[in-house]
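Observations on the model geometry
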Amino acid sequence: MLAPSILAGDWWNIGQQIEATIGGGADILHYDVMDGHFVPNITAGYELLAHIRKRVSLPIDAHLMIENPDKYIPKFIEAGANWISVHIENNYHIHRTLQLIKELGAKAGVVINPGTSLSAIEEAIYYADYVLLMSVNPGFSGQKFIERSIERLIALKDIRDRINPYCLIEIDGGIKESNITDVVKAGADVIVVGSGIFKAKDIEAQTRKLKSLMLQAVSI
Ligand code: DX5
Ligand code: ZN
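Just so you know, these numbers come straight off a predicted model, no measurement behind them.

1. Re the overall build of the protein chain
The helix and strand inventory of the protein chain stands at nine helices and eight strands. Taking the principal axes of its C-alpha atoms as reference, the protein chain extends roughly 45 × 40 × 30 Å. For the protein chain, the proportion of its 220 residues judged to be buried stands at 55%. Considering only residue pairs separated by 6 or more positions, the protein chain has 63% of its internal contacts joining residues 24 or more positions apart. Put simply, the protein chain shows about 10200 Å² of open surface, and 51% of that area lies on carbon and sulfur atoms. Positive and negative side-chain charges of the protein chain, numbering 21 and 26 respectively, have mean locations separated by a distance of 3 Å.

What follows is the structure in structure tokens.
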């Protein structure tokens, strides 16, 4: 699945740009939420998400990079998020949080930063619908892909296959035309792309191109 990250878009024209990604074959919309505390940047909250929800039928994947996610999860689900992911790094009670997301009817994801050992999420994978491997430090779009992420992806796939084969693997950060084939081959099921789509002149054509590279990679 290809998940355009709207953080990299032109927010004046975001509606048209989202439609262009849908025209190009986007499977799910990735919506980054930052609070200026957990990460050094601030983005939009659940109210903008509700506006997008009214016009877009694709699943919306809210990536919460915030402190106290449990407090805001109900608001995001009420606003129309279908997938919600929370970081392991600031969560002492990940089981409780994943259960909360599921009880409210959304898919529950656990996110891991580049510097966190994969062993930290092993147990959470058992309860999660998806695991999100960060391939940049969270906070900004347009950062460089951390190459070590490929090895981590391969190792994560082994853990996932052993602990919970139903858990999808998502990857986020620095993915573009030049490395999308590698991440698909290494085992990612859901690929987030921000600047690699929204900085292109023709967003629809670029989305279509990335989608076809992904399909080629799985068929090889
Ligand atoms: C970073 C965000 C990403 C970001 C991806 O903290 O979680 O979703 O928008 O953007 P690119 O693909 O430009 O790295
Ligand atoms: Zn993200």
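2. A closer look at the site of ligand 1
Neighbouring residues of ligand 1: 20 residues in total, closest Gly139, Asp172, Gly174, Gly194 and Ser195. Residue Asp32 places a side-chain N or O atom 2.8 Å away from an oxygen atom belonging to ligand 1. Between ligand 1 and the protein, one listed contact pairs an oxygen atom with a side-chain N or O atom of His63 at 3.2 Å. In the complex, 100% of the free accessible area of ligand 1, which totals 380 Å², lies under the protein chains. In a pocket analysis with a 2 Å cut-off to the grid points, ligand 1 is assigned to the largest cavity.

3. Observations concerning the coordination of the zinc ion (ligand 2)
Each pair of donors in an ideal four-coordinate tetrahedral metal site encloses 109.5 degrees, whereas pairs in an ideal six-coordinate octahedral site enclose 90 or 180 degrees. Donor atoms from the polypeptide that coordinate the zinc ion (ligand 2) comprise His30 (NE2), Asp32 (OD), His63 (ND1) and Asp172 (OD), at 2.1 to 2.3 Å from the metal. Seen from the zinc ion (ligand 2), its six donor atoms lie at angles of 70 to 169°, and the figure they make is octahedral. Mapping the donors of the zinc ion (ligand 2) onto the primary sequence yields the spacing H-x1-D-x30-H-x108-D. With Asp32 in strand E2 (residues 29–34) and Asp172 in strand E7 (residues 168–172), this pair connects stretches of sequence that are 140 residues apart.

4. Considering the layout of surface pockets
Computed from the structure, the largest pocket encloses a volume of approximately 190 Å³. Lining of the largest pocket is provided by Ile14, Gly15, Ile18, Glu19, Ile22, Leu48, His51, Ile52, Arg55 and Val56. Taken together, the elements giving at least two residues each to the lining of the largest pocket come down to helix H1 (14–23) and helix H2 (46–55). The greatest single-element share of the lining of the largest pocket, amounting to five residues, is contributed by H1.

5. Focus: the packing of helix H3 (residues 69–79) against helix H4 (residues 94–103)
It is at 10 Å that the axes of H3 and H4 come closest, and there the two elements cross at 15°. Considering their axes alone, H3 and H4 lie roughly parallel with respect to each other. In terms of crossing hand, the pair formed by H3 and H4 is right-handed. Of the residues in H4, those touching H3 at Asp70, Ile73 and Ile77 are Arg96, Thr97, Leu100 and Ile101.

6. Remarks on the pattern of salt bridges
Under the criterion given, the structure shown has eight salt bridges. Note that Asp161 is salt-bridged to Lys157, the shortest N-O span being 3.5 Å. Placement of both Asp161 and Lys157 in helix H6 (residues 149–163) is noted, with a separation of four residues, approximately one turn of the helix. Residue Asp161 is classed as partly exposed on the basis of its relative accessible area, which comes to 37%. The exposure class assigned to Lys157 is partly exposed, which follows from its relative accessible area of 30%. With its nearest N and O atoms 3.2 Å apart, the salt bridge here joins Glu177 to Lys209. Of the two residues, Glu177 is situated in the loop between E7 and helix H7 (180–186) and Lys209 in helix H9 (residues 203–219); the sequence distance between them amounts to 32 residues. Classification of Glu177 by relative accessible area gives partly exposed; the value is 35%. Here the residues in one salt-bridge network are Lys157, Arg160, Asp161 and Asp189, joined through shared partners.

Thresholds applied
- Residues numbered from 1 in each chain as written.
- Chains lettered and ligands numbered in written order.
- Predicted model: local features only at pLDDT ≥ 70, side-chain atom pairs only at ≥ 80, totals over all residues.
- Heavy atoms only, no water.
- Helix = DSSP H or I, 4+ residues; strand = E, 2+ residues; numbered from the N terminus.
- Buried < 20%, exposed > 50% of the residue type's maximum accessible area, 1.4 Å probe, protein only.
- Contact = heavy atoms within 4.5 Å.
- Areas by Shrake-Rupley, 256 points an atom, 1.4 Å probe, with all protein chains shown as cover.
- Lys, Arg positive; Asp, Glu negative; His and termini not counted.
- Charge placed at Lys NZ, Arg CZ, Asp CG, Glu CD.
- Near = heavy atom within 4 Å.
- Polar contact = N/O pair within 3.5 Å; in protein donor to acceptor, adjacent residues only side chain to side chain.
- 1 Å grid on protein atoms, 1.4 Å probe; cavity = no way out; pocket = protein on both sides within 12 Å on 5 of 7 lines; lining within 4 Å.
- Sits in = over half its atoms within 2 Å of the grid points.
- Donors = N, O, S within 2.8 Å, 3.2 Å for Na, K, Ca; no water.
- Tetrahedral: all angles 85-135°; square planar, octahedral: opposite > 155°, others 65-115°.
- Points joined across faces, edges and corners; volume = space filled by probe spheres on them.
- Axes fitted to C-alpha atoms, helices over the stretch in contact; angles between N-to-C directions.
- Parallel < 35°, antiparallel > 145°, perpendicular 65-115°, else oblique.
- Left-handed = near helix turned anticlockwise from the far one by under 90°.
- Salt bridge = Lys/Arg side-chain N within 4 Å of Asp/Glu carboxyl O.

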